[in-house]
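Remarks on the overall topology
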Amino acid sequence: RLSAGTTDDLLAGTSLALTLQAPQALRVRNNLADLRGSADLSLRGTLAQPALFGRVEAERGGKLVYSGTDYSVERARLTFSNPLRIEPVVDLEARAKVEEYEVTMSLSGTFDRLSASFTSDPPLPSLDVLGLLAVGQPVSSEGAAPLPVATGTTDGAGSLQAEALLYSQAASLISSRVE
């Protein structure tokens, strides 16, 4: 059985109607990011239940550092549209040069359900792109450690299962580090 908690009358009775428009006024500069951007936000509701709406957007060309790799921002946007809680929706695309590959990192979704994808040019399989970011070379390249394969299989099913397991673990690790 759920019961609603009591709310202070002052918090519940104080209405919010705050608008922030900051065109080209946003600046983030630290060891992880060097970004400029704009914000257009509206804070509504009450002090007990605030709701944030609007958008924060970074300009193209900013810099992000992730796991020792410098990325150039192509698109970066936080959208606030949930009336029940302050929950930004991330939309990020950034590129980095790793060895002879151009790697693109894409993040989308809320922080609770963040989806990360990595692609490269020239094209590599997803697992190889993750290996390139983690150790500086694709997993399948010469000199790299071979993928573990389940023993006792004569078809490629064991190899595919091992690859899927490694990929899901690597993607999970990367997603948690991004969060």
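Residues numbered from 1 in each chain as written. Predicted model: local features only at pLDDT ≥ 70, side-chain atom pairs only at ≥ 80, totals over all residues. Heavy atoms only, no water.

Quick look at the overall build of the protein chain now. A count of helices and strands for the protein chain gives 3 helices and 8 strands. In the protein chain, the share of contacts with a sequence separation of at least 24, taken over all contacts with a separation of at least 6, comes to 34%. For the protein chain, the exposed area adds up to about 11,700 Å²; of that, 53% sits on carbon and sulfur atoms. (Helix = DSSP H or I, 4+ residues; strand = E, 2+ residues; numbered from the N terminus. Contact = heavy atoms within 4.5 Å. Areas by Shrake-Rupley, 256 points an atom, 1.4 Å probe, with all protein chains shown as cover.)

With that settled, the discussion passes to the pairing of strand S7 (residues 101–110). In this structure, strand S6 (residues 88–98) lies alongside S7, joined through 10 bridges in antiparallel fashion. Each bridged residue has a counterpart across the sheet, and for Ala-94 the counterpart in S7 is Met-105. The loop that links S6 with its antiparallel partner S7 comprises 2 residues; one of these, Glu-99, has a positive phi angle of about 55°. Note: S7 against strand S8 (residues 115–121), 7 bridges, orientation antiparallel. In the strand pairing of S8, Leu-107 is matched with Ala-116. Once S7 ends, the chain turns through 4 residues before running back antiparallel as S8. (Pairing = 2+ DSSP bridges.)

What follows concerns the confidence of the model for the protein chain. On average, residues of the protein chain score 80 in pLDDT, and 74% of them reach the 70 mark or higher. Segment residues 142–159: pLDDT under 50, and 17 contacts once partners within four positions in sequence are set aside and those in other chains are kept. (pLDDT = per-residue confidence, 0-100.)

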